[in-house]
Amino acid sequence: MSMKYKPEDLTRLPRSVEYKNRMVHLIDQRLIPHEFKIIKLETVDEVAQAIKTMQIRGAPAIGAAAAFGLALYAETAKVESKEEFFNGFYRAYEILKNTRPTAVNLFWALNRIKHLAEEHREDSLNEIRQLIVEEAQKIADEDVEANLQMGHIGAEILPEGNILTHCNAGSLATVHLGTVGAVLRVIHKEGKLKLLWVDETRPVLQGARLSAWEYHYDGIPLKLITDNMAGFVMQQGKVDAIIVGADRIVANGDFANKIGTYTLAVLAKEHRIPFFTVAPLSTIDMSLKSGKEIPIEERKPEEVLTCGGCKIAPDVDVYNPAFDITPHKYLTGIITEKGVVYPPFERNLKKLFE
């Protein structure tokens with residue numbers, strides 16, 4: 001499809017992650033909204049730590065950061081033989097692979113570079129290094145292009161009015177623009193978005209800290225609500241559609257997204273509100289048949305026991321799953337860069353990859 005807008009027409013934000021001068025540059029998302037800071041990482045371990053501690057987060061952004069981590073290894077590894085290079089490459093691959101288990105883009109990006117390096121094992125070491133760096137950059141550039149496509153496609157099908165979103169699937173969660181973020185930015189540009197409802201997204205507040213910050217920065221009209229207000233806002237007739245991101249979509253259309261998404265999906269069905277997820281093809285994992293097979297990351301109790309560094313609960317046992325699974329029966333459609341997938345999802349997702 002022809003696209004009306006370029007990324008620079010839709011946001012003033014820079015890319016969330018880049019690779020320059022043998023360093024991975026990324027926006028430290030833990031500091032927002034208090035401080036906007038770009039940090040520079042010089043080792044694979046630093047990149048892995050940034051992913052683990054959510055200095056960078058969001059499935060597509062994690063994938064690009066991991067790819068750049070391998071590019072960083074490729075350019076800086078001080079080795080004398082290909083065997084030594086590949087031994088170190090596989091170590092870097094494992095370090096990055098073991099950072100966060102739910103976001104499938106992480107494994108997709110790492111495996112794409114691993115397969116390329118192995119296919120060119122007979123090339124010279126310098127050629128292999130260069131290929132890895134170029135492929136990592138392609139992964140980042142393709143993510144921006146996919147988001148732009150999803151923005152235009154989503155804008156064509158969403159109703160005019162008020163949209164509700166959860167967590168952050170904006171520019172900060174991808175290389176640029178966002179999945180949900182691109183759709184919101186296009187419909188705002190076209191005057192179709194009256195108001196954006198932003199869930200705060202406990203316990204780490206990605207909606208309050210990140211989504212509210214970046215959409216306000218780009219001039220999108222919004223109201224921030226606590227997660228437990230969403231149902232009442234729907235009941236009042238103040239929501240015309242809900243769009244969320246995804247960290248992994250499986251073959252039958254079930255998907256993992258930030259904890260709280262499932263609750264919204266059930267409420268949306270009760271109130272007959274269209275409910276969409278927006279994600280690139282790299283987020284779709286056709287190797288898993290249902291959402292029950294998706295590994296769910298459980299994070300530290302401190303995220304629930306504290307808020308902004310302040311203790312808000314006694315030292316009790318905590319269950320802190322980072323994601324939940326939304327069954328496909330609650331989905332109106334899946335917006336991808338190749339078009340909108342509607343039910344039956346199992347058959348129509350398969351068509352995407354034929």
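Note that the structure is a prediction, hence the values are computed from the model and not measured.

Trainee: Sorry, what's going on with the side chain of D28 here?
Mentor: Positionally, D28 belongs in the loop between β2 (23-27) and β3 (38-41). Judged by its relative accessible area of 5%, D28 falls in the buried class. If we skip the residues at most four places from it in the chain, D28 touches K37, I39 and Q55.

Trainee: Honestly, the packing of helix α2 (residues 44-52) against helix α3 (residues 59-76) in this entry has me stumped. Any pointers?
Mentor: Packed helices, taken two at a time, are described by their axes: the angle between them and the distance between them. With their axes 9 Å apart at the nearest point, α2 and α3 run at an angle of 170° to one another. Comparing their axes, α3 and α2 come out roughly antiparallel. Counted together, V44, V47 and I51 of α2 and I62, A65, A66, G69, L72 and Y73 of α3 form the full contact between these two elements. Looking at side-chain class alone, the contact of α2 with α3 contains 8 nonpolar, 1 polar and no charged residues.

Trainee: Would you mind showing me how to read the sheet that holds β3 here?
Mentor: As a general point, the strands of a sheet are linked pairwise by backbone hydrogen bonds and lie either parallel or antiparallel. Ordered by their spatial adjacency, 3 strands build an open sheet running β1-β2-β3, and the pairing between neighbours is antiparallel. The sheet is open, and its two edges are formed by β1 (17-20) and β3, each paired on a single side. Going across the sheet, the axis of each strand differs from the next one's by a mean of 25°, ignoring polarity. Bridging between β2 and β3 involves 4 bridges; their strand directions are antiparallel. From the neighbouring strand, H25 faces β3, where its bridge partner is K40. Against the sheet, α2 contacts β2 and β3, and its axis sits at roughly 140° relative to β3. The sheet strands contacting α3 are β1, β2 and β3, and the helix crosses β1 at an angle near 15°.

Trainee: What is the right way to read the pattern of salt bridges from this model?
Mentor: Two side chains that carry opposite charge are able to pair once their charged atoms sit near each other. Tallied over the full model, the rule gives 16 salt bridges. A salt bridge links E142 to R112; the shortest N-O distance between them is 2.8 Å. Residue E142 is located in helix α6 (residues 125-157), and its partner R112 is located in helix α5 (residues 104-119); the two are separated by 30 residues in the primary sequence. For the salt bridge of R248 with D285, the shortest nitrogen-to-oxygen distance reads 2.8 Å.

Trainee: It is not clear to me how empty space enclosed by the protein should be interpreted in this structure. Could you clarify?
Mentor: To locate leftover empty space, one rolls a probe as large as a water molecule over the atoms. If you walk through the whole model with that rule in mind, you get 2 cavities of 30 Å³ or more. As for the largest cavity, its lining consists of 25 residues, of which R57, G58, A59, N168 and D247 are closest to the centre. Going through the elements one at a time, α3 and β9 (255-258) are the ones with two or more residues in the lining of the largest cavity. Looking at the lining of the largest cavity, the element that brings in the most residues is α3, giving 3 residues. Here the residues of the lining of the largest cavity sort into 12 nonpolar, 9 polar and 4 charged. When its volume is computed, the second largest cavity comes out at roughly 40 Å³. Lining the second largest cavity are P203, V204, Q206, K258, R299, E303, N320, P321 and A322. Considered class by class, the residues forming the lining of the second largest cavity number 4 nonpolar, 2 polar and 3 charged.

Trainee: Explain the pairing of strand β5 (residues 193-199) to me, please; I cannot follow it from the model alone.
Mentor: Consecutive side chains along a regular strand alternate between the two faces of the sheet. Within β5, 6 of the 7 residues are buried, which leaves it mostly tucked inside the rest of the structure. By the bridge criterion, 5 bridges tie strand β4 (residues 161-165) to β5 in an arrangement that is parallel. From the neighbouring strand, L164 faces β5, where its bridge partner is W197. With helix α7 (residues 180-189) bridging β4 and the parallel β5, this β-α-β connection has right-handed handedness. Strand direction decides the pairing type here: β5 and strand β6 (residues 222-225), joined by 4 bridges, are parallel.

Trainee: Which parts of the structure should I look at to understand the packing of aromatic side chains?
Mentor: When we look at a pair of aromatic rings, we describe it by the centre distance and by the angle of the planes. This structure, assessed with the given rule, holds 12 aromatic pairs. Here the aromatic rings of F85 and F89 are separated by 6.4 Å at their centres, their planes lie at 20°, and the arrangement is stacked. A residue pair is termed a helical-turn pair when its members lie 3 or 4 positions apart in one helix, as F85 and F89 do in helix α4 (residues 82-97) at 4 residues. Pair check on accessibility: F85 and F89 agree, each one buried. Consider the rings of Y262 and Y330, whose centres lie 6.0 Å apart with planes at 75°: the pair is edge-to-face. Of the two residues, Y262 is situated in helix α10 (residues 261-270) and Y330 in the loop between β14 (323-326) and β15 (333-336); the sequence distance between them amounts to 68 residues. Classification of Y262 by relative accessible area gives partly exposed; the value is 35%. Members of the aromatic cluster, connected to one another through ring pairs, are Y73, F85, F86, F89 and Y90. Over the aromatic face of F86 sits the side chain of R121, whose NZ or CZ is 4.0 Å from the ring centroid. Over the aromatic face of F323 sits the side chain of K258, whose NZ or CZ is 4.4 Å from the ring centroid.

The rules behind the values
- Residues numbered from 1 in each chain as written.
- Predicted model: local features only at pLDDT ≥ 70, side-chain atom pairs only at ≥ 80, totals over all residues.
- Heavy atoms only, no water.
- Helix = DSSP H or I, 4+ residues; strand = E, 2+ residues; numbered from the N terminus.
- Buried < 20%, exposed > 50% of the residue type's maximum accessible area, 1.4 Å probe, protein only.
- Contact = heavy atoms within 4.5 Å.
- Axes fitted to C-alpha atoms, helices over the stretch in contact; angles between N-to-C directions.
- Parallel < 35°, antiparallel > 145°, perpendicular 65-115°, else oblique.
- Nonpolar A, V, L, I, M, F, W, Y, C, P; charged D, E, K, R; others polar.
- Pairing = 2+ DSSP bridges.
- Salt bridge = Lys/Arg side-chain N within 4 Å of Asp/Glu carboxyl O.
- 1 Å grid on protein atoms, 1.4 Å probe; cavity = no way out; pocket = protein on both sides within 12 Å on 5 of 7 lines; lining within 4 Å.
- Points joined across faces, edges and corners; volume = space filled by probe spheres on them.
- Right-handed = clockwise from strand over helix to strand, strands pointing away.
- Phe/Tyr/Trp six-rings, centres within 6.5 Å; stacked < 30°, edge-to-face > 60°.
- Lys NZ or Arg CZ within 6 Å of the ring centre and 35° of its normal.

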